[in-house]
Amino acid sequence: MDEAVRFHFVVDGEDFTSAGQASVQVKKNLRRLGIPPEVIRKISIAMYEGEINMVIHADGGEAEVLVYEDRIVMILTDRGPGIADVEKAMQEGYSTAPDNVRSLGFGAGMGLPNMKRYTDDMKIESVVGEGTTITMTVLLA
Amino acid sequence: MKISTIQEILDAEVVCGEEFLDDEVHSACGSDMMSDVLAYVKDQAVLLTGLCNPQVIRTAEMMDMRCVVFVRSKCPTDEMIRLAKESDLVVLKTTKRMYEACGKLYLAGLGVSPTEAKAVN
């Protein structure tokens, strides 16, 4: 296994307005590492949607970003309620977010589909009542 | 189109980013739903929205946009202006409604492909 550059973030679940801070930081860090802008954009959008999800559904969580020579891996972990039906959650337009989230511009059932759209691989491991781990990979080749 | 032209067309007030008004932009999108904006990456440089919270600025930042236009006189908070300044975003504010604001910019040629422009003219 090649050596990775590692970034770790705690996503605060208390405050919706601060959601996205980790994604902003990841964007800055990747820019500094000289990653191509179009790759950075895909990663920041996927990470941002993931962050928003953790704040909306799971009262926050943790994000780890690993930068390898040929790929970038994002691992988002929360101890939220878990996803009962992953297949359903992946459908565009399906959402369990409360109404007040929609008035904030999210909760349209686009988060997970967007995360899949912008990454080369996405794996969801979720246990109801325990939490969810989402692993996303973007290839650099 | 220059951002300053957008400002003129929409009769908009510059909230921040005055130093970038000469920047050129070629496309725009209008939405109050940030997830929809995030779903369709096509190098849109301008976001028109009636939604007013910090996530609007963050969405624009994630998409590498250059300018956010708040329609219907929505007024960004100090926190939002701070975030916008951090990411070198121009923030404009207009009294026009979303439909009219988008329509005016589209008619003026913002985001119109060359073939569409022929049809419009």
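Scroll up a little and you will see the structure.
Reading the values: rules and limits
- Residues numbered from 1 in each chain as written.
- Chains lettered and ligands numbered in written order.
- Predicted model: local features only at pLDDT ≥ 70, side-chain atom pairs only at ≥ 80, totals over all residues.
- Heavy atoms only, no water.
- Helix = DSSP H or I, 4+ residues; strand = E, 2+ residues; numbered from the N terminus.
- Rg over C-alpha atoms; globule rule 2.2 N^0.38 Å.
- Buried < 20%, exposed > 50% of the residue type's maximum accessible area, 1.4 Å probe, protein only.
- Contact = heavy atoms within 4.5 Å.
- Areas by Shrake-Rupley, 256 points an atom, 1.4 Å probe, with all protein chains shown as cover.
- Lys, Arg positive; Asp, Glu negative; His and termini not counted.
- Charge placed at Lys NZ, Arg CZ, Asp CG, Glu CD.
- Salt bridge = Lys/Arg side-chain N within 4 Å of Asp/Glu carboxyl O.

A. Seen up close, the overall build of chain A. A count of helices and strands for chain A gives 5 helices and 5 strands. Seen in sequence order, chain A has helices and strands lined up from the N terminus as β-α-α-β-β-α-α-α-β-β. Taking 14 Å as the expected radius of gyration for a compact globule of 141 residues, we find that chain A reaches 14 Å, a close match to that expectation. The principal-axis extents of the C-alpha atoms in chain A amount to approximately 40 × 30 × 25 Å. Taking all 141 residues of chain A together, the buried fraction comes to 51%. Put simply, 63% of the contacts in chain A that link residues at least 6 apart link residues at least 24 apart. Put simply, chain A shows about 7000 Å² of open surface, and 48% of that area lies on carbon and sulfur atoms. Placing the 14 positive and 22 negative side-chain charges of chain A at their respective mean positions leaves the two points 6 Å apart.

B. Up close: the pattern of salt bridges. Per the counting criterion, the structure on display carries 11 salt bridges over all chains. For Glu13 of chain B, the salt bridge goes to Lys93 of chain B, with nearest N and O atoms at 3.9 Å. Remark: Lys93 of chain B occurs in strand 5 (residues 90-93) and Glu13 of chain B occurs in strand 1 (residues 13-16); sequence separation between them is 80 residues. In this structure Lys93 of chain B comes out as buried when scored by relative accessible area, which is 19%. For Arg66 of chain B, the salt bridge identified is with Asp23 of chain B, shortest N-O distance 2.7 Å. Taken together, the positions of Arg66 of chain B in the loop between helix 3 (54-62) and strand 4 (67-70) and Asp23 of chain B in the loop between strand 1 and strand 2 (28-30) put the pair 43 residues apart, joining distant regions of the chain. Judged by its relative accessible area of 23%, Arg66 of chain B is partly exposed. Residue Asp23 of chain B is classed as partly exposed on the basis of its relative accessible area, which comes to 26%. A cluster of three or more residues bridged by salt bridges with shared partners is formed by Lys27 and Arg41 of chain A together with Asp64 of chain B.

Function cannot be read off these values alone, since they describe shape.
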